[in-house]
Each structure stands twice: as C-alpha cells, then as structure tokens.
Amino acid sequence: MERPRHQGMAKNTSMRWRLPLVCLLWEVAMIVLFGVFVRFGAEADAHWEEEKREMNLTSDIENDFYFRYPSFQDVHVMIFVGFGFLMTFLKRYGFGAVGFNFLLAAFGIQWALLMQGWFHSFKNGKILIGVENLINADFCVGSVCIAFGAILGKTSPIQLLVMTLFQVTLFSVNEYILLNLLHVKDAGGSMTIHTFGAYFGLTVTRILYRPNLEQSKDKQGSVYHSDLFAMIGTLYLWMYWPSFNSAISDHGDAQHRSAINTYCSLAACVLTTMAFSSMLQKKGKLDMVHIQNATLAGGVAVGTSAEMMLTPYGSLIVGSISGIVSTVGYVYFTPFLESRLHIQDTCGIHNLHAMPGLIGGIVGAITAAAATEDVYGKEGFIKAFDFTGEYQARTPSIQGGFQAAGIVVSLLMAFAGGAIVGGILKLPVWGDAAAVTTRALPYSAAFVPEDEESDAYHMHSPDKAASP
Amino acid sequence: MERPRHQGMAKNTSMRWRLPLVCLLWEVAMIVLFGVFVRFGAEADAHWEEEKREMNLTSDIENDFYFRYPSFQDVHVMIFVGFGFLMTFLKRYGFGAVGFNFLLAAFGIQWALLMQGWFHSFKNGKILIGVENLINADFCVGSVCIAFGAILGKTSPIQLLVMTLFQVTLFSVNEYILLNLLHVKDAGGSMTIHTFGAYFGLTVTRILYRPNLEQSKDKQGSVYHSDLFAMIGTLYLWMYWPSFNSAISDHGDAQHRSAINTYCSLAACVLTTMAFSSMLQKKGKLDMVHIQNATLAGGVAVGTSAEMMLTPYGSLIVGSISGIVSTVGYVYFTPFLESRLHIQDTCGIHNLHAMPGLIGGIVGAITAAAATEDVYGKEGFIKAFDFTGEYQARTPSIQGGFQAAGIVVSLLMAFAGGAIVGGILKLPVWGDAAAVTTRALPYSAAFVPEDEESDAYHMHSPDKAASP
Amino acid sequence: MERPRHQGMAKNTSMRWRLPLVCLLWEVAMIVLFGVFVRFGAEADAHWEEEKREMNLTSDIENDFYFRYPSFQDVHVMIFVGFGFLMTFLKRYGFGAVGFNFLLAAFGIQWALLMQGWFHSFKNGKILIGVENLINADFCVGSVCIAFGAILGKTSPIQLLVMTLFQVTLFSVNEYILLNLLHVKDAGGSMTIHTFGAYFGLTVTRILYRPNLEQSKDKQGSVYHSDLFAMIGTLYLWMYWPSFNSAISDHGDAQHRSAINTYCSLAACVLTTMAFSSMLQKKGKLDMVHIQNATLAGGVAVGTSAEMMLTPYGSLIVGSISGIVSTVGYVYFTPFLESRLHIQDTCGIHNLHAMPGLIGGIVGAITAAAATEDVYGKEGFIKAFDFTGEYQARTPSIQGGFQAAGIVVSLLMAFAGGAIVGGILKLPVWGDAAAVTTRALPYSAAFVPEDEESDAYHMHSPDKAASP
C-alpha cells in the first residue's frame with residue numbers, strides 16, 4: 001500500500017492549504033461585513049428600556065426572545081443533530097455526515113444572517129438582528145443540509161462550502177421574491193426550504209453524476225448501530241417539527257395552531273408510512289430507511305399551511321398522504337431516478353423533501369384560497385394573511401394563485417440555480433477530479449481512518465502531535 | 001437454511017396484509033372522527049383576537065402556548081426518545097424497541113386526543129384542543145410505553161396496536177374517574193400514568209407467559225454500545241422529568257414548585273441507587289441496569305405531590321426512598337416475579353414504575369392530608385386543591401382519603417383491564433401463535449436483519465427495489 | 001485468571017461498603033440540611049398569589065419560571081448529556097464517563113444548592129430557592145465536570161465524590177468573592193466556571209501524576225462509534241451554549257443579546273477550528289478530537305462578555321481567536337503539558353476550558369472597560385453593570401480593572417484549592433493505592449465488564465440475582 005499512499009500524500013499536499021485558506025478567508029470576510037453591517041435589533045440592544053417605554057410594553061416578558069427562543073433552540077437541534085445524525089445510517093459516512101453537516105451549517109448561518117438581513121432587516125444602513133434572524137438563518141441553512149443529503153459522498157469539503165455559499169445566496173433571493181414580492185405565506189418553508197432545497201440538490205447531483213460510484217456500494221450499506229444513530233436524527237426531527245413550523249409564525253394563536261397542525265400531521269404520517277413500508281416490502285417487513293425518513297414527510301407537507309386554519313383533521317389527511325407518497329417514492333422513484341435519469345439521490349431527499357414540499361405548497365395554496373372571514377374572524381383573516389396596506393384588496397382566491405406561483409418560482413430557482421452551481425462545482429479548481437473519481441468517498445475519508453492510518457485517531461501522544 | 005426461510009415466507013404472507021390494513025383503516029377512522037369532533041381551542045383559533053378582548057388579556061404572551069409549549073416539547077422527547085432508547089439496552093431489541101415505541105406512540109396519541117377530549121374538552125359537540133391536550137395525549141401514551149416495557153419481545157406489532165387501543169381507552173376512563181369524579185390531584189401521573197400503566201402491563205405479560213422464552217435469553221443480553229444508547233434514554237427521562245411533572249400544573253407557582261421538587265427528588269434518587277447497586281452487587285460493582293432505570297424512580301415517586309408544598313427536603317426523602325426500593329426490586333423482586341409468579345418483566349417496569357408509582361400515590365395522599373392554610377396561604381390553599389364550587393367544603397384529610405381511593409381505583413382498573421386485554425391478545429386472530437412460540441422475537445425480527453436477509457438493509461439498489 | 005480475580009475480590013470487599021456508605025451518609029446529611037435551611041422562594045411558594053399583588057404583577061407569566069425554565073433545561077442537558085457524552089470518545093471509558101458524570105453531578109447539585117444558597121439566597125435563616133438557583137447549581141457542577149475531564153481514568157468513585165465536595169465549596173467561595181465583593185459580571189462563567197474549573201482540575205491531575213499510566217494508552221484510543229457518541233455531547237454543548245450564557249442574565253435585552261453573541265461566536269469558532277485542524281494535521285485531514293472540542297471554545301470565550309454590548313462582529317472575532325488557540329493547544333500544548341510538566345490532561349480541558357476561559361475573562365474586562373453611556377443608553381448602562389447603590393460611582397475603566405482582578409482571584413483559588421484537594425485525594429484512605437497503580441482504570445472498570453465477568457451485564461437471571 002506504499003504507492004497509493006504516497007500518491008495520496010502528494011495530492012493531499014495541494015489540498016492541505018485549500019480548506020484552511022477558504023475557511024480563514026471566509027471568516028475574515030464575515031468579520032468585516034458584520035463589522036460594517038450587523039448590529040443588535042431593538043429588543044437585544046441595551047437601549048431596550050427606552051424601547052419598551054416607546055412601545056408601551058409593561059414587562060420584559062414581551063420581548064420577542066420569550067416568544068421564540070424555545071422554538072429557536074428546537075430548530076437549532078434539528079439542523080445540527082437532526083440532519084446530521086439522520087445521515088449516519090450509512091456505515092462509512094457516519095462521521096463525515098455529522099462533521100460536514102456541522103461545518104457547512106456553521107459556515108452558512110453567518111452568510112445567511114447577512115443575505116437575509118439585507119433583504120428583511122435592513123434599516124438606515126444596518127442589519128438589526130434578533131432571535132427571529134437566528135431562526136431564519138437556521139432555516140436557510142436547513143435547505144443546504146437537505147441538498148447535502150443528495151450529494152453525500154460525491155464532493156470534497158471545499159465543493160461543499162462553495163455550494164453552501166451559492167445556495168444560501170439563491171435561497172435568500174427566492175425567499176425575497178416569495179415573501180416580499182409575491183406576498184406569499186410560507187412559515188414552515190414547504191416551498192422556500194424543502195422544495196427549493198431538494199430540487200436544487202437533485203439538480204446538482206445530476207450534474208455531478210458519476211457512473212462508477214456503484215463500485216463502492218458496499219460502503220453505502222448500513223449496520224445495526226448506524227441505524228440507531230440515524231434514529232436519533234429521525235426522532236429529533238420528528239419531535240421538534242412542530243417548533244420548526246411554528247417558530248416564525250405570528251405571536252399567539254398562529255404559533256399555537258402551527259404546532260397542533262404539525263403534531264397531527266406527523267402522527268398520521270407514521271401510520272401510513274409503516275403501512276406502506278410493510279406492504280411494499282418482501283415478507284411484510286418494515287424497512288428502516290422508510291421509518292427513518294418517510295415518517296417525517298408529514299412535517300414537510302404542512303409547512304406552508306400549518307399556521308392557517310388547516311384544522312386537525314385536515315392535518316391528518318395531509319400527513320397520511322405524504323407518508324404514502326414518500327414511502328412509495330423510496331421503493332419506486334429513487335431507483336428510477338438513479339437508473340433512468342442518472343440522479344444519484346444518496347439519502348432519498350426526493351422522497352422526504354421534494355415531493356412532500358410540493359404537496360406542502362399545493363396544500364398551502366388550497367388552504368389559502370379556501371379561507372373565509374367566517375372561519376378566521378374579521379380580524380383574524382386580515383392578520384393571518386397580512387391583508388393590509390397594498391395587499392388590502394387581496395382575496396383568498398388571488399392569494400391562492402400567488403401561493404401557487406410561489407411553488408413555480410421556487411422550482412425554477414432550484415433548477416436554474418442547481419444547474420449553474422453544479423457546473424461551477426465541476427470546474428477543476430476545487431480539487432483533483434481524478435482523485436474524486438477513483439476514491440469514492442474523498443471527503444468522508446477525511447474523517448474515517450483507514451487501517452494504515454488509524455493512528456490518526458489517537459491524541460495525547462506527544463511524539464506524534466509534536467511533529468504534525 | 002432454505003426450508004425455514006420458505007416457511008417464514010408462507011407465514012409472513014398472511015401477516016403481510018394485516019399490519020398495513022390495521023394501520024390504514026385506523027388512520028381513516030381517525031380522519032373521520034377528527035373531522036366530526038376535533039376543532040382548535042380558543043387559544044389556537046384564528047378568532048383569538050376577539051377571545052383576547054373578551055378575557056381582558058393585554059398580550060399574546062398570555063396565550064397558554066407560552067406557559068406550556070417548552071414543557072410539552074420536553075415531554076415529547078421523553079416519550080419518543082426517552083422511553084424508546086431506554087429499551088435499547090437489549091442488544092437484539094434495540095431497533096425494535098425504538099421503532100415500535102415510535103409506532104405505538106404515534107398511533108396512540110391520535111386516539112388519546114379523542115378519548116381525553118370527549119371527557120375533558122367537549123363543548124357544544126366539539127373537542128376543542130390546545131397545547132394542554134397534546135401534553136395529555138403524550139402522557140396517556142406514556143402509560144402504554146411503560147406497559148410495552150413489560151411485554152417487550154413477546155408480541156407482534158398488531159398485538160401491540162390492539163393493546164394500545166384498549167389501554168388508551170381504559171387510561172382515559174380511569175383518569176376521568178380520578179380527576180373528575182374523585183376530584184383527585186395527579187399532575188405528574190403517579191397514579192394515572194405509572195401505577196395504572198405498570199400494573200396493566202404486568203398483568204398482560206402474566207397472561208402472555210411463555211415458559212420457553214428463556215431459550216432465547218442470550219438475545220436479551222446487552223452489549224457495550226447498547227448500554228450507551230440506553231443511557232441516552234435514561235438521561236433524557238431524568239433531565240426532563242421536572243417538565244413532565246410540571247407540564248399541566250397551574251400557571252405560576254405550581255409549575256415552578258413542581259419542577260423544583262422533581263429536580264431535588266431525582267438528585268437524591270441517583271445517590272441511593274448508586275449506593276444500593278454497589279452494596280447488593282457482588283464485588284461492589286455498579287450494575288448498569290440500576291443506573292439506567294432506578295435513578296428515574298425519584299421522578300415517578302413525586303408525580304402526585306410535586307405541585308404540592310412537598311418542600312425540597314421532603315422531595316429528597318421521597319427520592320431517596322424510591323431509589324432504594326427500585327434498586328432492591330431489580331435485585332430481588334424481578335427474579336421472584338419471574339420464577340414464582342410467572343411474570344416476565346422484560347425491562348423491570350415493576351421496579352421503575354409500579355412500586356415508585358404506588359409510593360407517589362401514597363406520598364400525594366399524605367401531602368394533601370397534611371396541607372394547611374398556614375402553609376399554602378388562604379388563596380393558595382383553595383387554588384392548589386381546587387376547593388371551589390361543589391368541593392368548597394372539602395378538608396385536607398378528606399382530600400387525602402380521596403387521593404388514597406385514587407390509588408385503589410387505578411390498581412383495580414389495571415388488573416381488570418390488563419386481564420381482559422391480555423385475554424384478547426391471546427385470541428388466535430392476531431397472528432400465528434406457533435410462529436410466536438418458535439421464534440422468540442417475532443416483532444423485533446421484523447426489523448433486525450438476519451444474516452441471509454441482510455440485503456434487506458440496503459436501499460438505492462434499483463433491481464431489488466423495483467421488484468419488492 | 002483465577003488468581004488476580006480472587007485478589008480483586010479481596011480488594012473489592014473493603015471497597016464494597018465504602019461507596020454505599022459515602023452516598024447514604026451524604027444523602028442523610030443533605031436531607032437534614034435541606035430540612036433546616038431550604039424553602040421555596042416567593043415565586044415557587046403557594047403564597048404566590050399574595051406575592052403577585054405585592055409586586056404589582058398582573059399575570060402569572062411574569063413568574064421568573066417562564067423567563068428562565070427553557071434555558072435551565074438546556075443547561076441541564078449540557079451538564080448531563082453534553083459533558084457526559086463528550087467524554088465517551090475514549091473507547092474503554094465510555095460508560096464510566098457518562099455514569100460517573102451522572103453520579104458526581106447529582107451529588108454536587110445538592111451541595112451547590114446549599115453553598116450558593118447560603119451566599120446568595122439566604123433570608124431570615126432560610127435559603128429560598130427558585131429556578132435561578134437550579135441553574136446556578138448546574139453551573140457550579142459544570143465546573144466539576146470540567147475538572148473531571150482532566151483526571152478521567154485516574155480516580156476511584158470515592159475520590160471523585162470527595163473532589164466534588166471540595167470543588168463545589170471552593171467554587172461557591174470564589175463566586176462570592178467575584179460577584180459580591182469585586183462586583184464583577186460573569187453570567188456565562190468564563191472565570192467562575194471555566195477558568196476556575198479547568199485550572200483546578202489541571203492542578204489536581206498534576207498532583208495525581210502517575211508515570212505508568214502510559215502503559216494503558218491503548219485503552220485510551222477511540223473507535224468509530226465512540227466518536228459518534230462523543231459528537232452527541234459536542235453538538236448538545238454547542239447548540240445549547242447560547243442558553244448557558246444567557247440563562248441567568250437580566251430579563252429582556254440582556255438574555256436576548258447573550259444568546260445572539262454566543263451564537264455568532266460559536267459559528268466563527270467552527271470555521272477557524274476546522275481550518276487549523278486541517279492545517280496542522282499531516283495530510284490535511286481533520287482531527288476528530290478538534291471537531292469534538294475546539295469548536296466549543298467560542299462559547300467559553302464569550303462567557304463573561306456575551307451579555308454586554310460585545311456586538312455580533314466582536315463575537316465573531318472572539319470566536320475565531322478561541323478556535324485557533326484551542327486547536328493549537330491540542331496539537332502543541334497538550335503533549336508539552338504531559339511530557340514536560342507531567343500534567344496528564346485526559347480530555348484536553350486546558351485547550352477547551354482553561355485558555356478560552358482566560359480569553360473570556362480578558363475580553364469581558366476589555367468590553368466592560370470600553371462601555372459608554374452612548375452605546376448602552378443611560379438606563380441600559382446602569383442596568384447592565386448594576387452601577388447602583390454602593391457601586392454608583394464606578395466607571396467602566398474601574399469595572400474593567402475589577403474584572404481583571406476576578407481572573408487573578410479565580411486562578412489563585414484554582415491553584416491553591418487544586419493543590420490542597422489533590423493532596424487530600426492522595427491520602428491512603430480513599431482506596432487501595434496499589435490497586436490504583438496496577439490497574440489503570442479502577443473506576444471505569446467498575447462499569448466496563450471484562451471478559452470473565454461479562455455476565456455482570458445480564459439481568460433477569462434469577463439464580464444470579466438471588467445470590468448477590
């Protein structure tokens with residue numbers, strides 16, 4: 001094994017400075033941009049006492065922090081533990097999945113604070129941030145974690161960071177078009193996070209198609225313990241999804257309603273997933289991949305409509321359908337995508353995020369179009385859809401149309417953006433393409449020790465550490 | 001291995017349609033019943049703005065959502081991660097424990113929302129739900145998760161769902177008798193959740209007694225990693241138990257007090273558990289099973305009294321005693337139950353839930369009987385025990401008597417209900433009894449791949465997936 | 001293997017009663033002291049209704065419980081899951097790390113409630129506790145968990161409990177000097193928790209130096225799954241650190257600001273850690289130990305200043321620097337400490353807590369010294385630094401000086417206290433010193449089964465359990 005190892009070292013020597021350089025230059029850029037632009041919003045600034053008087057607030061408890069911080073922490077867990085551990089089901093990718101999810105998310109949230117800040121929190125030349133901005137940055141990075149699920153095992157860390165940079169940018173533009181120009185409601189991000197993120201990732205993985213990836217299929221298998229680790233990811237996503245969909249809804253009834261709708265949808269989704277998994281599997285066994293993934297489709301599919309008057313039974317219906325669609329997708333669509341369309345969807349995000357995201361967008365459009373003053377109350381109706389100011393004259397059916405337009409825009413942004421970014425990732429500047437082709441898991445290998453390198457795992461050994 | 005495999009397939013063919021059918025029919029029934037009965041409560045409904053005016057609330061922060069949602073999420077984690085992972089200590093049951101806990105809980109919470117809704121939230125023909133209903137549904141399902149711990153490894157998934165259906169129903173009836181008819185306090189569910197759930201499960205496992213289960217004892221062993229997975233369950237239950245006991249207490253001091261009492265009780269319980277584990281074990285070693293389970297008894301044992309003026313030192317006493325009782329139970333009672341009474345208590349729920357639950361009920365009765373207006377204050381006294389309306393004339397000692405009656409009712413419901421449901425589960429319609437006898441882990445095996453079937457683990461393989 | 005086993009039994013026979021006795025006596029002492037001293041604070045007492053009227057509060061939501069309980073639960077997870085699992089990266093210490101962390105923390109929080117109560121919540125002869133006391137007790141025990149990271153593998157459980165007892169005491173004294181006598185701000189505990197805890201632990205491990213510990217180095221290695229377990233610890237610490245630093249800050253803007261600053265600092269820290277890990281490692285690979293530890297330095301390093309107007313870009317700068325310092329520490333300082341200074345720092349707490357803690361103290365002093373009424377607003381300035389009463393005349397630069405003095409006091413307390421406690425731990429009364437020397441992992445071995453004892457893992461076996 002001497003030769004390939006030396007070759008590897010030669011290749012790695014050029015790589016050795018690339019990741020550090022990208023990370024450090026990026027962080028310096030962030031410091032400069034944050035220094036120029038980012039300040040505390042009124043509710044996090046030391047001038048809060050004056051602000052309180054101005055806004056006629058009588059208690060500190062009315063600070064937005066207390067409305068949203070618990071939900072923020074739940075979302076934070078979903079992004080870092082949920083998405084990270086969900087991808088540990090592949091026995092050789094486990095640490096790479098968690099580690100690189102960690103890296104790209106920490107990298108992405110800083111850029112998301114800026115991009116989303118310029119679009120939504122820009123006042124007098126400064127971005128004023130509060131807990132809602134932190135949630136939105138996590139949401140934005142969530143769409144990158146989704147796309148990461150499609151290209152897992154195909155990219156170097158550098159490529160991953162480049163993709164994050166572009167995807168966060170495109171996400172923010174798409175979000176601005178939907179929320180501000182089309183005046184669309186999408187608090188749980190069925191369109192902005194899931195549909196956009198998934199189709200973006202699928203387009204990128206299509207462009208990065210590598211036929212010989214199959215050779216390393218044995219590395220893709222799962223083992224008993226990796227399945228239990230993956231269930232940690234699954235369960236945290238499932239349990240905290242009500243927080244995800246309600247985190248940035250209006251204070252009061254909207255947050256409350258979002259959580260209930262999501263809870264109901266997810267419960268129903270588990271039942272139909274188990275049913276179809278058992279039905280479509282030989283011998284009636286349950287497939288762990290379905291349990292780990294399709295059970296979550298119910299959260300995605302009510303992302304747009306959860307804060308609306310979807311009603312608990314409406315949520316059960318949506319959850320049931322999404323579980324079926326997602327499970328069927330794992331059994332039939334994923335193999336089809338790979339064999340016919342050359343889309344290698346490592347984690348099956350088409351089934352967990354893309355299709356349920358589309359369902360979510362459509363359900364949102366229908367629920368908005370079906371809204372009546374009778375169901376929402378006069379005030380509630382205006383508050384739920386922000387039919388104030390220039391949108392005073394919007395009717396539910398028009399709103400439904402705009403919601404539908406939001407789906408189309410998200411899809412177009414995902415396909416066009418994914419194609420461009422996929423092309424950029426194919427440029428030979430991001431690493432040795434040959435290395436990528438011959439070694440199936442270049443970035444995962446950055447973590448997983450091979451036998452001859454297993455000493456890389458040890459620490460505390462002075463002689464080794466002293467001569468790195 | 002050809003023959004048994006074909007046999008297995010033949011048996012499974014009949015099973016193949018049973019689980020899907022049950023799940024799908026159930027979900028359709030839920031959708032219909034939710035459609036007829038379930039609507040949003042006032043605080044989750046879009047008419048909230050009008051409600052706020054009516055109730056003279058000045059801020060959205062007074063929505064019940066903000067009082068209870070963080071606790072709800074903690075309880076949610078306890079049910080799905082806590083109970084699920086606690087049972088992963090058995091090396092061959094790991095995935096089955098987490099997966100089937102997931103299935104039964106998602107199945108049960110929908111039925112619990114209806115059952116508890118009819119009893120407690122029924123107005124003008126509709127069940128009006130809010131975050132408190134979600135917590136109560138999780139609580140109700142928690143009692144099923146407890147019972148599941150006794151029968152782990154003995155039932156098919158169908159039997160599990162049948163048990164869930166009946167147990168949720170009986171739980172709701174028992175809860176109604178205690179809370180509404182006896183006017184008993186039991187916010188943390190020492191009686192309604194733990195005593196009822198555990199004795200119900202123990203009765204069921206007695207009826208399902210299978211002498212030859214011992215043959216597969218080697219599969220019940222734990223391995224190093226499965227013990228670490230189980231500690232995830234233990235710690236999340238331990239850490240979040242203060243939220244469990246305070247989740248549905250009255251706003252303000254009662255929630256605050258419940259959390260403090262539970263925190264103190266749990267801390268003391270760890271100390272006495274470690275002491276007795278080391279004392280009763282040969283060579284003074286600590287037994288992992290005690291650390292994983294008996295340390296939690298302190299939470300169970302203050303379930304009824306945590307919201308009362310138990311005081312921190314009272315909590316330390318209760319926690320200390322429960323840790324001792326539970327550890328001694330694991331060492332002496334569990335073997336006795338199995339060898340003499342033929343009660344195979346897989347996870348030792350008699351030690352973790354049944355005995356500490358009884359302690360909790362008794363401590364609650366004593367604490368209530370010892371209450372004085374001096375300790376609680378005039379207003380606090382009435383508020384703490386709801387001594388208003390028809391209960392205006394109740395004295396602490398009478399309340400103590402009713403609390404004690406609540407224990408007896410819960411025990412009777414558990415024994416009678418468990419006997420009936422155990423009998424129902426023995427009916428030959430739920431699966432091939434022979435298969436159950438000859439294969440020790442029929443349902444767990446639905447998840448765990450055997451060697452010749454290990455390909456069932458893989459996904460993304462088009463040829464296989466296309467011909468399921 | 002008969003002989004050494006019998007020897008072990010002989011040794012263990014004397015040990016057998018020591019741990020139980022210490023735990024039980026301790027718990028009895030706690031019950032007595034709690035009985036004499038500890039009562040519910042006004043916000044957890046049943047007299048709360050009267051209190052509310054007195055304080056002119058209009059709603060139960062203004063109970064401190066709702067301001068701090070979600071953060072408390074996050075801190076609780078950090079102490080028990082975060083610190084516990086972070087130390088599972090060593091393949092033979094996994095269960096011992098989690099189990100003994102659980103024991104010492106449950107042991108320590110009871111004593112911390114008393115010690116901190118006497119100093120900070122003592123009124124009319126009683127310690128009045130509320131949720132803030134629970135957080136502070138967790139914080140105090142956090143400093144013991146940190147010190148535990150340095151001596152992991154060197155002490156018996158008894159020694160661990162003795163250390164906890166003394167360290168909690170010294171922590172409380174040091175905290176009192178800093179917060180009350182020097183009037184220093186340190187909400188996230190850079191000085192009181194991290195600097196004190198780490199240098200205390202490092203001093204103890206220096207005194208307990210054992211040259212032949214190297215022999216068992218092979219047991220210190222990590223394995224694939226233990227690295228994933230450790231990532232659970234890492235991620236929960238990382239995600240919840242904003243709650244840690246904001247948990248006891250003033251209501252309103254201060255809590256809000258602390259969370260934002262910590263979020264920013266941690267994100268930056270991940271980037272610089274990855275950069276330097278890749279740069280300093282041969283072949284440019286990422287070292288899992290750095291990812292697991294150094295990424296957290298950003299939380300430590302803003303512990304003092306997070307609630308001040310550090311600003312988001314200031315946080316990015318501090319986080320970036322601390323990631324670099326910590327990673328460089330793992331590569332160069334840890335081997336140096338071990339080989340030259342004979343400080344065996346098992347988990348590298350010098351890099352994760354000691355140096356970043358010092359940075360945190362210094363950044364806090366500078367941020368305080370640089371405060372102006374312009375930046376904070378007149379009211380905000382006084383509120384942020386409590387410049388009221390006898391401290392009315394303090395200027396920012398004087399405050400900066402006192403902050404710096406707080407670092408020095410913490411260091412002195414840590415070195416002096418660590419030396420004394422280390423000496424006490426060397427006394428021959430805590431266990432057979434020979435046993436400690438010849439068996440590298442005496443306490444871990446209390447959990448980890450060796451081959452001939454693997455039956456200790458099993459439960460439910462009546463014959464064994466009946467004759468303990």
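What counts and how
- The numbers attached to residues start from 1 for each chain and follow its sequence in the written order.
- Think of it this way: whatever chain is written first is A, whatever ligand is written first is 1, and the rest follow in order.
- Only residues with pLDDT of at least 70 are given local features in this predicted model, and only at 80 or more are side-chain atom pairs given and counted; all residues enter the totals for whole chains, interfaces and linings.
- The side-chain figures draw on all heavy atoms in the structure; neither hydrogens nor water molecules are used.
- UniProt positions are given in the numbering used here, feature names are shortened, and annotations may be inferred rather than shown by experiment.
- For patch building, the residue pool is restricted to those with more than 30% relative accessible area and no salt bridge; the joining distance is 9 Å between like charges and 5 Å between nonpolar side chains (Val, Leu, Ile, Met, Phe, Trp, Tyr).
- Using a 1.4 Å probe, the Shrake-Rupley method yields the accessible areas, and only the shown protein chains count as cover for residues.
- One speaks of a salt bridge when a side-chain nitrogen belonging to Lys or Arg is within 4 Å of a carboxyl oxygen belonging to Asp or Glu.
- Only DSSP runs of H or I reaching four residues or more are called helices, and only runs of E reaching two or more are called strands; each is numbered from the N terminus.
- The buried label applies to any residue whose accessible area, calculated with a 1.4 Å probe on protein chains only, is under 20% of its type's maximum; exposed applies above 50%, and partly exposed to all values in between.
- Only when DSSP finds a minimum of two bridges between them are two strands counted as paired.
- Only buried residues count toward a nonpolar core. Its members are Ala, Val, Leu, Ile, Met, Phe, Trp, Tyr and Cys residues joined through side-chain atoms within 4.5 Å.
- Only heavy atoms matter for contacts: two residues are in contact if any of them lie within 4.5 Å across the pair.
- Polar contact is the term for a pair of N or O atoms within 3.5 Å; when the atoms are in protein, one must be able to donate a hydrogen and the other to accept it, and sequence-neighboring residues count only if both atoms are side-chain atoms.
- Throughout, buried area stands for the accessible area (probe radius 1.4 Å) lost by two parts on being put together, summed over both.
- Copy-to-copy alignment: least squares on C-alpha atoms, limited to residues at pLDDT 70 or above in both.

As annotated in an unreviewed UniProt entry, chain A carries the name RHCG protein and comes from Platysteira castanea. Per UniProt, chain A has the following entry under Subcellular location (unreviewed entry): "Cell membrane". The Sequence similarities (unreviewed entry) field of the UniProt record for chain A holds the comment "Belongs to the ammonium transporter (TC 2.A.49) family. Rh subfamily."

A. Spatial organisation of a nonpolar patch on the surface. Residue and element names in this part refer to chain A. Residues Trp-17, Leu-21 and Leu-25 make up a contiguous nonpolar surface patch of roughly 340 Å² in combined accessible area. As for its position among the elements, Trp-17 is in the loop between α1 (2-16) and α2 (18-37). Judged by its relative accessible area of 46%, Trp-17 is partly exposed.

B. Local environment of the sheet that holds strand β1 (residues 38-40) of chain B. Residues and elements named next belong to chain B. One open sheet holds the three strands; their spatial order is β1-β3-β2, and the pairing between them is mixed. Of all strands in the sheet, those bounded by a partner on one side alone are β1 and β2 (122-123). Bridging between β1 and strand β3 (residues 126-129) involves three bridges; their strand directions are parallel. Across the sheet, residue Phe-40 finds its bridge partner in β3, namely Ile-129.

C. Looking closely at the nonpolar core. If you look at the biggest cluster of nonpolar residues, it comprises 411 residues, and the most contacted ones within it are A:Tyr236, A:Trp238, B:Tyr236, B:Trp238, C:Tyr236 and C:Trp238. Apart from the residues within four sequence positions on either side, B:Trp238 is in contact with B:Leu266, B:Ala267, B:Val270, B:Thr295, B:Leu296, C:His76, C:Phe80, C:Phe102, C:Ala106 and C:Ile109.

D. Examining the environment of A:Gln116 more closely. All names here are of chain A. Inspection of the secondary structure puts Gln-116 in helix α5 (residues 94-120). Separated by 42 residues in sequence, Gln-116 and Asp-74 place their C-alpha atoms 21 Å apart. Within the local environment of Gln-116, its side chain forms a polar contact with the side chain of Glu-175, the two groups lying 3.2 Å apart.

E. Examining the interface of chain A and chain B more closely. With 88 residues of chain A in contact, the opposing surface of chain B contributes 85 residues. Counting the surface lost from both chain A and chain B, the interface buries some 7500 Å², and carbon and sulfur atoms represent 71% of this. Taken together, the links from chain A to chain B amount to two salt bridges. Taking the shortest distance from any N to any O, the salt bridge between B:Arg53 and A:Glu379 comes out at 2.7 Å. Taken together, the connections running from chain A to chain B amount to 18 residue pairs in polar contact (both at pLDDT 80 or more). Elements with a minimum of two residues in the side of chain A that touches chain B: α4 (64-86), α9 (217-220), α10 (224-246), α11 (253-280), α12 (288-293), α14 (312-339), α16 (373-376) and α17 (378-385) of chain A.

F. The side chain of C:Thr311, seen in detail. Along the chain, the position of C:Thr311 falls in the loop between α13 (297-301) and α14 (312-339). Leaving out residues up to four positions away in the same chain, C:Thr311 has contacts with A:Phe40 and C:Asn261.

G. Broad picture of the pairing of strand β3 (residues 126-129) of chain C. Residues and elements named next belong to chain C. Of the two faces of β3, the one lined by Ile-127 and Ile-129 is fully buried and the one lined by Lys-126 and Leu-128 carries no buried residue. Pairing geometry for strand β2 (residues 122-123) and β3, over two bridges, is antiparallel. The residue bridging Lys-123 from the neighbouring strand is Lys-126, located in β3. The antiparallel hairpin formed by β2 and β3 contains two residues in its connecting segment, where Asn-124 sits at a positive phi of about 50°.

H. Main features of the relation of the copies chain A and chain B. Once turned by 120° and shifted 0.0 Å along the axis, chain A lies on chain B with an RMSD of 0.0 Å. Accordingly, the operation relating the two chain copies is best matched by a three-fold axis. Residues of chain A ranked by C-alpha distance from the rotation axis are headed by A:Pro70, positioned 3.6 Å from it. Taken together, the interface assignments show that only 9% of the residues at the interface of chain A recur at the interface of chain B, consistent with different surfaces on the two copies.

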